[in-house]
Amino acid sequence: MRNRLVTAATALGVAALLVQPQAQAPQEAERVRQIPAGRPGPITTDPKIVNLPVPRMHDGKPDLTGPWVGGGSDADIEREGGLKPGELPLLPWARDLRATREKATYEEPYIYCLPMSVPRVNPYPWKFSMSYTSKGLTSIYLLHEAGDAGAHRVVYMDGRKHPVDPVPTWWGHSIGSWSGDTLVIDTIGYNDKFWLDARGTPHTEQMHTIERWTRVNNGTLVDEFTLDDPGAYARPVQLKFTAQLAAPGIDLMEYICTENNQLGIAGGYRLNSDGKLEQK
Amino acid sequence: MNAKHRLVAAGVSLVCLTVPAIAHHGFDTEYDAKKKVALTGVVTKIEWTNPHMHIYIDVADAGGKMTNWNMEMASPNTVQRQGWGRNTLLPGDKVAFQGYGGKVVESHGALSRIAKADTPDKPLFIQGGPEASREGFPGQP
């Protein structure tokens, strides 16, 4: 979705290349091809900048601020997380549900401006906002430009524990700690309303995620991601996502998703008064 | 779509257009990749709104019947990062544009390319991803 102005011939040619689907196994890839993930946002690609040392905060911790582009699932968590088609160990009911959702992308909560939650990252820039107070780094806020990501996500860095029985929420309850230079975020308490990708990969309120964020150089941030949800998966899953530093000059801009979302008009569907979809 | 539009669309189908990616929702949720259009008209309104911008364009067919096309673009942020400002395109501007019609409401489409009519080879907006091919700050040549 990110574009620039170049000559028509060049742009169309480049665009044609960019929208070509990545080489994938044939069957499941066919569906994913119909769900454009959006073009990646503008990133820093100069190797002289990318390979600079990791910048650090005054307390010696890595500066994870960014802004970053990518680093999560969007179109297909299985593929984007580094697995081959079919390797995501969905329980039968969850696999069936994903298959149903794949045929009903207009039901995706995200496109109605609801939060995408973890580990999803849309093509817009996002950042870790490291909040230092008189007590040190007490919390880290994750801010996504796109408002449908939700207002903010907070990661408590003050040593608190998870509540015993949290009320399920879109972003869950996140506590963070450092393991050397790696930020470890442990989250429980998710609701089951969001989709893990545009395919509709499901989860349950039992989902427990562990993110291990490491800034490996100035321009690259890696998330070693553990998804543990015995309600929907046969075993814990290990995925890997990589974010790239946004291009110089890029920062988060205002984005109010519900302002003029014309979703459904061109496609001929709408939510009725019962909150159910009707199609023309 | 009237006869003229169909003829134009058929011609454009020979061009290697790319299906625009709508980051907020999948293209195929709303639009039909088989309904390619290439039209000229006059801009009547530009909505700098989220989640996506919309440009409204009056298009006359061969018989003079006017249709107001509602063409969806990227988010205002994305478009600004391409170098657009408030005065880049204004109501009253004559434009040549390409895109894809809506699945049900054909004149509610996805914009893939737009240029002022007197400079058709200098597009103001190309949906599809050329930005990702360039380094540095968006909006710069």
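Residues numbered from 1 in each chain as written. Chains lettered and ligands numbered in written order. Predicted model: local features only at pLDDT ≥ 70, side-chain atom pairs only at ≥ 80, totals over all residues.

**Considering the overall build of chain B**
Turning to step 1, where the next piece is worked out: From N to C terminus, chain B includes three helices and six strands.
Turning to step 2, where the next piece is worked out: Taken from N to C terminus, the helices and strands of chain B fall in the order α-α-β-β-β-α-β-β-β.
Turning to step 3, where the next piece is worked out: For chain B, the residues scored as buried account for 49% of the 141 residues in total.
Turning to step 4, where the next piece is worked out: For chain B, long-range pairs separated by at least 24 residues make up 57% of all intrachain contacts whose partners lie at least 6 apart in sequence. (Helix = DSSP H or I, 4+ residues; strand = E, 2+ residues; numbered from the N terminus. Buried ≥ 20, exposed ≤ 12 C-beta atoms within 10 Å, placed from the backbone. Contact = placed C-beta atoms within 7 Å.)

**Some points on the overall build of chain A**
Turning to step 1, where the next piece is worked out: Looking only at helices and strands, chain A has five helices and eleven strands in total.
Turning to step 2, where the next piece is worked out: When burial is assessed residue by residue, chain A has 42% of its 280 residues classed as buried.
Turning to step 3, where the next piece is worked out: If you take every contact in chain A between residues at least 6 apart in sequence, the share linking residues at least 24 apart comes to 62%.

**Side note on the nonpolar core**
The nonpolar side chains of a soluble globular protein tend to be buried with one another.
Turning to step 1, where the next piece is worked out: By size, the foremost hydrophobic cluster in this structure holds 34 residues, and its most contacted members are A:Leu64, A:Trp68 and A:Ala246.
Turning to step 2, where the next piece is worked out: Secondary-structure elements contributing two or more residues to this core are β1 (68-70), β2 (126-133), β6 (182-188), β8 (220-228) and β9 (237-245) of chain A.
Turning to step 3, where the next piece is worked out: Ranked by residue count, the leading element in this core is β9(A), at four residues.
Turning to step 4, where the next piece is worked out: If you look at the next biggest cluster of nonpolar residues, it comprises 25 residues, including B:Val37, B:Ile55, B:Trp69 and B:Ala115. (Core = buried A, V, L, I, M, F, W, Y, C linked by C-beta atoms within 7 Å.)

**As for the pairing of strand β4 (residues 94-102) of chain B**
All names here are of chain B.
Turning to step 1, where the next piece is worked out: By the criterion of burial, β4 is predominantly enclosed, with seven of the nine residues buried.
Turning to step 2, where the next piece is worked out: In the sheet, strand β1 (residues 31-47) pairs with β4 via eight bridges, with the strands oriented antiparallel. What sits directly across from Tyr-31, in β4, is Gly-102.
Turning to step 3, where the next piece is worked out: As defined by bridge partners, β4 adjoins strand β5 (residues 108-116) across six bridges and the pair is classed as antiparallel. The residue bridging Gly-99 from the neighbouring strand is Leu-111, located in β5.
Turning to step 4, where the next piece is worked out: Between the end of β4 and the start of β5, which pair antiparallel, lie five residues. (Pairing = 2+ DSSP bridges.)

**Some thoughts on unusual backbone geometry**
Residues and elements named next belong to chain A.
Turning to step 1, where the next piece is worked out: In this structure, Pro-67 follows Gly-66 across a cis peptide bond, with omega equal to 5°.
Turning to step 2, where the next piece is worked out: Secondary-structure assignment places Pro-67 in the loop between α3 (47-50) and β1.
Turning to step 3, where the next piece is worked out: Val-118 connects to Pro-119 through a cis peptide bond whose omega is -5°.
Turning to step 4, where the next piece is worked out: Turning to its location among the elements, Pro-119 is positioned in the loop between α5 (92-102) and β2.
Turning to step 5, where the next piece is worked out: A positive phi angle is found at Cys-113, which is not glycine, with a value near 75°.
Turning to step 6, where the next piece is worked out: Residue placement: Cys-113 occurs in the loop between α5 and β2.
Turning to step 7, where the next piece is worked out: Overall, Cys-113 belongs to the buried group, with 20 C-beta atoms counted inside 10 Å.

**Overview of the environment of B:Gly99**
All names here are of chain B.
Turning to step 1, where the next piece is worked out: When you line up the elements, Gly-99 lands in strand β4.
Turning to step 2, where the next piece is worked out: The exposure class of Gly-99 is buried, given the 26 C-beta atoms found within 10 Å.
Turning to step 3, where the next piece is worked out: C-alpha of Gly-99 to C-alpha of Tyr-31: the two residues are 68 residues apart in sequence and 9.7 Å apart in space.
Turning to step 4, where the next piece is worked out: Setting aside chain neighbours within four positions, we find Gly-99 in contact with Val-37, Met-71, Gly-109, Ala-110, Leu-111 and Ser-112.

**A few points about the pairing of strand β4 (residues 153-156) of chain A**
Residue and element names in this part refer to chain A.
Turning to step 1, where the next piece is worked out: Only one face of β4 is covered, namely the one carrying Arg-153 and Val-155; the face carrying Val-154 and Tyr-156 has none of its residues buried.
Turning to step 2, where the next piece is worked out: Pairing analysis gives four bridges linking strand β3 (residues 136-144) to β4, with the strands arranged antiparallel. Residue pairing across strands places Tyr-141 opposite Val-154, the latter belonging to β4.
Turning to step 3, where the next piece is worked out: The sheet contact formed by β4 and strand β5 (residues 173-179) spans two bridges and is parallel. Bridge pairing links Val-155 to Ser-174 in β5.

**A short note on the confidence of the model for chain B**
The predicted coordinates should not be examined in detail at positions where pLDDT is low.
Residue and element names in this part refer to chain B.
Turning to step 1, where the next piece is worked out: With 71% of its residues at a pLDDT of 70 or more, chain B has an overall mean of 76.
Turning to step 2, where the next piece is worked out: Element-level pLDDT for chain B is lowest in helix α1 (residues 3-12), with a mean of 41, against a maximum mean of 97 in strand β2 (residues 54-60).
Turning to step 3, where the next piece is worked out: Counted against residues more than four places away or in other chains, residues 1-22, with its pLDDT under 50, gives 55 contacts.
Turning to step 4, where the next piece is worked out: The ipTM value of the predicted complex is 0.72, and its pTM value is 0.79. (pLDDT = per-residue confidence, 0-100.)

**What about the environment of B:Ala33?**
Turning to step 1, where the next piece is worked out: For B:Ala33, the location among the structural elements is in strand β1.
Turning to step 2, where the next piece is worked out: Separated by 70 residues in the primary sequence, B:Ala33 and B:Lys103 have C-alpha atoms spaced 9.0 Å apart.

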